[in-house]
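Spelled out, the chains give:
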Amino acid sequence: MSTPKWVVTFQIYRKKGNADPHFDEFKLEVSPDEYVLDGIERVWAFHDRSLAFRHACHHSTCGACGMRVNGAEKLTCITLIRDVTQDGGVLRIEPMRNFPVVSDLAVDMGILYTRMEMVEHQPVNSDAKEAIQPEARPAGPVGEEEDYIRLSDCIECGLCISACPISGSSPEYLGPAVLAGAHQHGIKGNEQLLKLVDSEDGVWRCHSAFECTAVCPSFVEPGWRIMDLRKQVIGERFKRLFRGSSPKIIDTMEASK
Amino acid sequence: MNDSRYGPKTGESTWLWFTKIVTGLLVIVILIIHFIVNHFTAQNGLLTYADVVKYYQNPIVPIMEIAFLVFVVSHALIGLRGIVLDLKPTRAVIGAVNWLFSAVGVVAIVYGIWLVLTIVSRGASS
Amino acid sequence: MTGVSKTSPLSRAAKWFDPRARTISTIGFILNRITALGLSFYLFLHLIMLGQLAQGPQAYDGFLATVHSPIFVFGEVLVIAAGFIHGLNGIRIALNSFGVGARYQKATFLVLLSIAVICSLIFAVRIFTV
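Report on the accompanying structure. (Residues numbered from 1 in each chain as written. Chains lettered and ligands numbered in written order. Predicted model: local features only at pLDDT ≥ 70, side-chain atom pairs only at ≥ 80, totals over all residues. Heavy atoms only, no water.)

**Considerations on the overall build of chain C**
So, step 1. Secondary structure summary: chain C contains five helices and zero strands in total.
So, step 2. For 130 residues, the compact-globule estimate of 2.2 N^0.38 gives 14 Å, and the C-alpha radius of gyration of chain C, at 19 Å, exceeds that figure by more than 25%.
So, step 3. Judged by the C-alpha coordinates and their principal axes, chain C covers about 55 × 40 × 30 Å.
So, step 4. Split into buried and exposed, the 130 residues of chain C put 35% on the buried side.
So, step 5. Within chain C, contacts between residues at least 6 apart in sequence are counted, and of these 63% link residues at least 24 apart.
So, step 6. A total of about 7,200 Å² of accessible surface is found on chain C, and carbon and sulfur atoms cover 75% of it. (Helix = DSSP H or I, 4+ residues; strand = E, 2+ residues; numbered from the N terminus. Rg over C-alpha atoms; globule rule 2.2 N^0.38 Å. Buried < 20%, exposed > 50% of the residue type's maximum accessible area, 1.4 Å probe, protein only. Contact = heavy atoms within 4.5 Å. Areas by Shrake-Rupley, 256 points an atom, 1.4 Å probe, with all protein chains shown as cover.)

Here is the structure:
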């Protein structure tokens, strides 16, 4: 069996230090069933060892290889070349937007990680039982239901921040991943988290472009989560308006400090 | 976490946003009423000054117009402030915008009410 | 994120209106923002122009004659179209934010936009033929 070969031109964004950015072109022979990241790695391995980019796991778990492919945000390790270009076509590879470029395709995602920590995003999902349907569980001699835990869907790849038009013009906006993280953690009884998302830089800044949901490689649906957070915040504020604020929550907050 | 780059700012929280949504929906409701009232009271349109003055003699019209004015001006100014916010203004700029837009809102509403009452009084005196 | 801090407000605003490699929902965002700016401009212009009513019959009827020239009528059609687009899109955003149908926002947008286009065309035909 012979795999068909395509010739694809990789136009790769290059930027080192304070020099002006430019694009380098590399013509590669690839299989259409390889992934975009495979091509980028081959450029690094055989053409230009100075190319900087981030990657690790190759199976959409680490969230390191987010880039823009022909303008659209993609997790390059699971993006088939077949799906984004054709034989003789071009792949324009650029770093994610809305993060400072460190070098070439590598961006500094520090602020995203800081904010994910602020909203107490956990790599292991708290509603584990609900999240894994019985039929999706691995077969075999395993324990009780409580033993099933799963990883959180969000892999902190930053693609949604790169795709969001509001994050693009307003870096103060917490951003889709962070608000989705707050939603997954849950704001019930968490005064600090409620204050964080119910602010100028929180859920009210979203203007429903839903690009976050469109580019998310992990089906977190940040757009839906932001909308659901709004519903929760409005509900909470109305409850307090009519019943007065709940002193119990404030007490526990003070005690935990 | 107290670093201003990371910490949240207060200002546009639930109630301001809620006002924007509610006034937006009220604008739609009043526009629908407006079309119904116009259909029954001003079938030939309001093509002259005299038509307009006569139209304002129906008490529902000035009430409708003033309510529309208040809701649409509030909705527009809260919305415009939101657009300014998305442009990463400094604290000083957004502070100035808050004052400016509040003033514009008050002036527009007072002026509008004055205008409506003027037209109503012209009709009553003739 | 400091990567955008050096740009001017205008170039930052330009990013909102770039639909390349984006989905249909971004068209909703762009339309909403353009119609918001257009309708706000019209609102304040309209308020100022209606001041002519206070000047008495001659001033206002003269003003109406100007406004009935084709270019103003075309502007009126634009305002009506913007109103339909912004209003119907606003209903979608309000519903989504209260937890209704956020997962079906794309289909909702396409249906509401179609309604807006149809209604605008009906109004345009009526205005230009009456």
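There is more to say after this.
**Describing the sheet that holds strand β2 (residues 22-30) of chain A**
All names here are of chain A.
So, step 1. The strand order across the open sheet built from five strands is β2-β1-β5-β3-β4, with neighbouring strands paired in mixed fashion. Looking at which strands have only one partner, the edges of the open sheet turn out to be β2 and β4 (72-75). Averaged over all pairs of adjacent strands, the angle between strand axes in this sheet comes to 35°, irrespective of strand direction.
So, step 2. As paired elements, strand β1 (residues 6-14) and β2 share nine bridges and run antiparallel to each other. Within the sheet, the bridge partner assigned to Tyr13 lies in β2 and is Phe23.
So, step 3. Each of β1, β2, β3 (66-69) and β5 (90-94) touches helix α1 (residues 36-47); the most contacted strand, β2, lies at about 105° to it. (Pairing = 2+ DSSP bridges. Axes fitted to C-alpha atoms, helices over the stretch in contact; angles between N-to-C directions.)

**Topic: the environment of Thr129 of chain C**
Residues and elements named next belong to chain C.
So, step 1. Inspection of the secondary structure assignment puts Thr129 in helix α5 (residues 105-129).
So, step 2. Among the residues examined, Thr129 registers a relative accessible area of 62% and is labelled exposed.
So, step 3. A polar side-chain atom of Thr129 sits 2.6 Å from the main-chain carbonyl oxygen of Val125. (Polar contact = N/O pair within 3.5 Å; in protein donor to acceptor, adjacent residues only side chain to side chain.)

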